[in-house]
Amino acid sequence: MTTQTPTSTTLARRTVLAAGGAGSAAIAAGAGTLPTAQAARARHDVFAHGVASGDPLPRRVLIWTRVTPTRAATPGSGRGPRVGVRWEVATDHRFRDVVRRGRFVTSAARDHTVKLDVSGLQPETTYYYRFIARGQRSPVGTTRTAPAKRATPANLRFGVVSCANLQAGWFSAYRLLAERDDLHAVLHLGDYLYEYAPGQYGMGQDNVDIRPHDPAREMVSLEDYRRRHGQYKTDPDLQALHAKYAWIVTWDDHEVTNDQWKKNAENHDDTEGNYLKRRARAHRAYDEWMPVRMDGTASLGDGARLYRRLRFGDLAEISMLDLRTYRSKQVETPLVDSEINDPSRSITGNRQLEWLKDSLTRGNHAPQWKVIGNPVMIAPVTFADLPNRLVDPVNDVTGLLPQDGLPYNVDQWDGYTADRREVLGHIDDHQVKDVVFVTGDIHSGWACDLPLDTSAYPVLGDSMGVEFVCSSVTSNNLKDITGQPALTPVVEATIMANNRHIKYLNFDDHGFSVLDITAERTQMDWFIIGSRDDKQTTATHDASFQTLAGTGTVQRVATPVGDR
Amino acid sequence: MCEPTTPRRTDGQAPFDRGLGEIRAGRRTVLTAAASGLVFSTVAGLEPALAAGPSTRKRAYVLVVDGCRPEEIDSGLTPNLLALREGGVHHPRATSMPVMETIPNHTMMMTGVRPDRSGVPANAVYDRELGDIRTLDRPSDLRFPTVIERLNKRGLRTGTVLSKEYLYGIFGERATHRWEPAPIIPLSEHAPDEFTMRATLDMVEEFDPHLVFVNLGDIDRLGHTDLTGPTTLEAARRLALVNTDRLVGDFVAELKSSGRWEHSIVIVLADHSMDWSYPDRIVSLQGPLSEDPFLADRFVIADNGGADLVYWTGPRAQRDKAVRRIRRIASDVPGVLKAWDRRADWLRLGPESGDVVVFCQAGWRFSDPDVYSNPIPGNHGHPATRAIPFFIGGGHRSVTLGKVSPRHARTTDVAPTVGAFFGLKPPRGGYDGRSRL
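What you are looking at is a predicted structure, and each value in this text was computed from that prediction instead of being measured.

Parameters at a glance
- Residues numbered from 1 in each chain as written.
- Chains lettered and ligands numbered in written order.
- Predicted model: local features only at pLDDT ≥ 70, side-chain atom pairs only at ≥ 80, totals over all residues.
- Helix = DSSP H or I, 4+ residues; strand = E, 2+ residues; numbered from the N terminus.
- Buried ≥ 20, exposed ≤ 12 C-beta atoms within 10 Å, placed from the backbone.
- Contact = placed C-beta atoms within 7 Å.
- pLDDT = per-residue confidence, 0-100.
- Core = buried A, V, L, I, M, F, W, Y, C linked by C-beta atoms within 7 Å.
- Nonpolar A, V, L, I, M, F, W, Y, C, P; charged D, E, K, R; others polar.
- Pairing = 2+ DSSP bridges.
- UniProt positions renumbered as here; feature names shortened; annotations may be inferred.
- Expected span 1.5 Å × (residues − 1).
- Axes fitted to C-alpha atoms, helices over the stretch in contact; angles between N-to-C directions.
- Parallel < 35°, antiparallel > 145°, perpendicular 65-115°, else oblique.
- Left-handed = near helix turned anticlockwise from the far one by under 90°.
- Domains from an automatic or database assignment.

Engineer: What am I meant to see in the overall build of chain A here?
Structural biologist: Within chain A one finds 13 helices and 23 strands. Taken across its 564 residues, chain A has 57% of its residues classed as buried.

Pasting the structure below:
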């Protein structure tokens, strides 16, 4: 929250981490100040926004931080001097074996962010990194490089999250994931932050702001986007998870504004200026503040291409999609006209679609599991036969447009069926096996087969792959909107009865997921948290589903990974 | 397409007739298994010492479950294959190689090299010298030394039990011991698995070869003709799966009871998988290509079910122009997935495969030269039929129990695996595949 003191927040978090497990202790070990800077630290924390790493490759990984060289140099302020920042990467948390080090100069022109691509690392290796500036040391982050191109790791394990609205609750899902020591990285599938002003999109029916957004307005300007990123990155749970693992991120709509498409957005009007300029500002801030290679580099201003591949040996490759920047406008009357089937409309854009198809085949060089980081659901879902009184709440959660009982969510792949046919047809034409879409966006947990033909599926069971959808970290779900949890089972049962390829649906819980990949199978575990307004809430296991290699279908399993 | 209807032969001699000729010429000796009465031929004049073989107890058995889809092993219909898979080294990412047909993939298994080195890119090719389309079923069609011959040179005994006539034909006299398949079903030109497995067991019992290469053809043959295939009900095929699985179970039981299991590897794979097309999903390129004035009467198509091989027969100087036109016209025909210049690096098919290689989409089939040429619903040859089961069982210590590997296994990996098992050096120029042990 904007009123919290970054110094005390960070310190408190470090205390918590130091009391945690061995992995957490490592994060805290190097944190703090140089002895001579004790007094300066009391004035302000140079590294108030934590550290992060991302996009691990076999020999490279991005590391990130933001410095606050003077008290006035707050995010988005445009103030503050140029400052040199030293960085170090070591194989031990005490930094006795520093393998890479250097100096990075940042300034107000880039909002004093530091993002660099550290090369010369060893594959499948855990590293520790930190930054030093103005007499202070940053917290120590841990990260792990990807396996070598032809390696066959025993498993890969990722935390999976999406939809973290700061106003709607505490980021307990991040905290609970950070307490795990068994992950290789974290997948964030979008809606990392929200554009709304305080009071516009809070917790539950009454829009209660557990903590209000800063700035106290919808973010539109570059300053707004930078400040909002800065605010989110002061959250101790978010900082902890960034510091603990490398993140692999993509955006959905709220990183710019609600239901954006390539030329405009639902939540944008002329009073807010030119939409494309707004989007460019949002993308600029994202590039500054997120540990991600945009257009393949750590540099700023050289392009905003977010879709990219990350390979993990022969076991898996993750293809992260951008389904906002190139998409056609959502249709408004899918039952009246057939625009959702119009092949000229696209959710990916032509270039990204070809790239995605190439990700699935890649000649003879594709790894076994083709994991697609997918911001919105690809599994077909009809909401037909829902009771009328439940249509509007379901619309609110899923983003169904408009709110008049239409049977499809036109903001998902369901609104762009030609693209979906192209992708699933490509899988069929090339007999591609072991395709797993991992999805966010709709604040609910799902496990689905991916039928080429939904009408034939109940009889034939043909499936082109599977989809696992994680729930939201905090963003409202069905019971939050209806205020009547008892209604949810009716909705879930109706949807599953009308969509036989959906094997799991949880519309009511928030939390995180864990994706575990081995040569035998890929498994997703769903963990749900208690109340979003309880900072100390815990997680419980809700469900686990797996897809066995070669089958392209999901099946329930009893226990989550890590319990073995 | 596996050509279950009688393939055109323009040399006037069917493979079985040719085999009979070899026996009559005295190059092979006929033996009859006492128990079953099945007929085997053996290299004539095999010295007793050689027949006994070097003092290794290692045995390798390669069982090709022709046309099996990998997910069929998980279908519940094949418990014995599943047990073999789960007790050995499993490669869930395994594929057939282009053209996803029977003959090229069996030759890739036994040579370890791609068709541009073996000379065998498809089942049916246009023989420019002959001026006609023919099946690649002559021993001389296979130009690269097989692991069979290379083991023979080491003094090890080899055996082939090949249920399909054209496989019998192309592998010819290479093996020390060869089953002379019978009875042959006239329409499908293959021997039922019941007989093939009986022959395999007899061959192991009578001759105990170090390597036995077996093709079990029922699943493929019944898949081709299964009219319920497009609905994925696949009634006839499922019956074949159950039966073939039972026979594999019998084979494993025999290895165990005879004490061979502890010294053996059993490689199980398919040569390709299977796709089914609806009657209205037929691609015939003959018409569209003939309508082009530049191409008319100057091309020939060799239909391989899921792949058409198009040969330019006009002047060599106009080849590039012809390739461009063929690709453009073919790409516009509904049901065509892609038309490739045969010289594309990844294809590695060699000149025998013509100038343009056209693949169809899933659920379609080629039928050339006319729409009546290929009436069967089950087909392969196209990328939709590339995924195959591939696992290595056996009791030999080189087989890691219950291992699942994410590495991409291919049909070209069989010869390197068998070679590595017996300590053979790679052939000249190396393998294109890799050992999966």
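Engineer: I would appreciate a short explanation of the overall build of chain B in the present structure.
Structural biologist: Helix and strand counts for chain B come out as 13 helices and 22 strands. Over its C-alpha atoms, taken along the principal directions, chain B stretches across nearly 65 × 50 × 40 Å. Residue burial in chain B is summarised as follows: out of 437 residues, 57% are buried. Intrachain contacts of chain B at a sequence separation of at least 6 include 75% that bridge at least 24 residues.

Engineer: Where do I start with the confidence of the model for chain A in this structure?
Structural biologist: Close inspection of predicted coordinates is inappropriate for parts of the model with low pLDDT. Mean pLDDT for chain A: 88, with 86% of residues reaching 70 or above. Counted against residues more than four places away or in other chains, residues 400-405 of chain A, with its pLDDT under 50, gives 14 contacts.

Engineer: Is there a simple way to think about the nonpolar core in this case?
Structural biologist: Grouped burial of nonpolar side chains is what soluble globular proteins tend to show. Residues and elements named next belong to chain A. In terms of nonpolar packing, the biggest core is built from 140 residues, with V160, A173, Y174, V186, V438 and F468 touching the most fellow members. Per-element tally for this core: the top contributor is strand β7 (residues 126-133), with 6 residues. Every residue in contact with Y174, bar those within four places of it in the chain, is listed here: D237, L238, A240, L241 and V473.

Engineer: How should I be thinking about the confidence of the model for chain B in this particular structure?
Structural biologist: Residues and elements named next belong to chain B. Confidence along chain B averages 90 in pLDDT terms, with 90% of residues attaining 70 or more. Within the model, pLDDT remains below 50 along residues 2-10, and this stretch shows 25 contacts once partners closer than five positions in the same chain are excluded. With a pTM of 0.90, the predicted complex shows an ipTM of 0.89.

Engineer: I'm lost on the interface of chain A and chain B in this one. Help?
Structural biologist: Counting residues at the interface gives 21 residues for chain A and 21 residues for chain B. Each residue belonging to the side of chain A that touches chain B can be placed in one class, and the counts come to 6 nonpolar, 8 polar and 7 charged.

Engineer: How should I be thinking about the pairing of strand β7 (residues 132-135) of chain B in this particular structure?
Structural biologist: Each regular strand shows side chains that alternate between the opposite faces of the sheet. All names here are of chain B. Where burial is concerned, the two faces of β7 differ: the one with I133 and T135 is buried and the one with D132 and R134 is not. Across 4 bridges, strand β6 (residues 124-127) lies against β7 in antiparallel orientation. For D127, the partnering residue across the bridge sits in β7 and is D132. Where β6 folds back onto β7 in an antiparallel hairpin, the turn is made up of 4 residues, including G131, whose phi is positive at roughly 75°.

Engineer: Quick question: what am I supposed to make of the sheet that holds strand β3 (residues 59-65) of chain B here?
Structural biologist: Hydrogen bonding along the main chain pairs the strands of a sheet, whether they run parallel or antiparallel. Residue and element names in this part refer to chain B. One open sheet accounts for 10 strands, arranged β1-β2-β9-β8-β10-β3-β11-β20-β4-β21; its pairing is mixed. This sheet does not close on itself; its edge strands, each paired only once, are β1 (28-32) and β21 (403-404). As defined by bridge partners, β1 adjoins strand β2 (residues 39-43) across 5 bridges and the pair is classed as antiparallel. Of the residues in β2, the one forming a bridge with R28 is V43.

Engineer: Just checking my understanding: could you explain the UniProt feature "domain: Phospholipase D N-terminal" (unreviewed entry) in chain A for this structure?
Structural biologist: The UniProt feature table records "domain: Phospholipase D N-terminal" (unreviewed entry) at residues 49-145 of chain A. A helix fraction of 0% and a strand fraction of 48% characterise residues 49-145 of chain A, whose end C-alpha atoms lie 23 Å from each other.

Engineer: Sorry if this is basic, but what is going on with helix α10 (residues 235-258) of chain B here?
Structural biologist: Turn by turn, an α-helix covers 3.6 residues, leaving residues three or four places apart pointing in a common direction. Compared with the 34 Å implied by 1.5 Å per residue over 24 residues, the 35 Å span of α10 of chain B between its first and last C-alpha is a close match. Among the residues of α10 of chain B, A236, R237, A240, L241, T244, D245, L247, V248, F251, V252 and L255 of chain B are the ones counted as buried.

Engineer: Whenever I open this one, the packing of helix α8 (residues 350-361) of chain A against helix α10 (residues 417-429) of chain A confuses me. Can you help?
Structural biologist: Between two packed helices, the angle of one axis relative to the other and the distance separating the axes together describe the packing. Residues and elements named next belong to chain A. Between α8 and α10, the least distance of the axes is 10 Å, while the angle of their chain directions is 20°. Considered as vectors, α8 and α10 are oriented roughly parallel to each other. Crossing of α8 over α10 shows right-handed handedness. Contacts between α8 and α10 involve L353, L356, K357 and L360 on the former and, on the latter, D419, E422, V423, H426 and I427. Each residue belonging to the contact of α8 with α10 can be placed in one class, and the counts come to 5 nonpolar, 1 polar and 3 charged.

Engineer: Please clarify how helix α12 (residues 319-331) of chain B should be interpreted in this entry.
Structural biologist: Taking 1.5 Å as the rise per residue, α12 of chain B with 13 residues should run 18 Å; its terminal C-alpha atoms sit 18 Å apart, in good agreement. Each element contacted by the buried residues of α12 of chain B is listed here: α11 (286-290), β14 (299-303), β15 (307-312), β16 (336-341) and β17 (356-360) of chain B.

Engineer: Explain the domain arrangement of chain B to me, please; I cannot follow it from the model alone.
Structural biologist: One widely used convention gives an interface's size as the accessible area the parts lose upon coming together. Residue and element names in this part refer to chain B. For chain B, the domain assignment lists domain 1 (15-277 + 383-422) and domain 2 (282-376). For domain 1 and domain 2, the distance between their C-alpha centroids amounts to 30 Å. Across the contact, 22 residues belong to domain 1 and 22 residues belong to domain 2. Where the side of domain 1 that touches domain 2 is concerned, the elements lending two or more residues are α5 (115-118) and β6.

Engineer: Whenever I open this one, the sheet that holds strand β23 (residues 555-557) of chain A confuses me. Can you help?
Structural biologist: Residues and elements named next belong to chain A. Taking strand neighbours across the sheet as the criterion, the 10 strands line up as β6-β3-β2-β12-β11-β10-β20-β21-β22-β23 in an open arrangement whose pairing is mixed. The open sheet has two free edges, formed respectively by β6 (113-118) and β23, since each of these has just one partner strand. Going from strand to strand, the sheet's axes swing by 30° on average, the running direction of each strand aside.

Engineer: Could you clarify how one ought to interpret the environment of D341 of chain B in this entry?
Structural biologist: Among the secondary structure elements, D341 of chain B is positioned in strand β16. Separated by 17 residues in sequence, D341 of chain B and R324 of chain B have C-alpha atoms that sit 8.2 Å apart.

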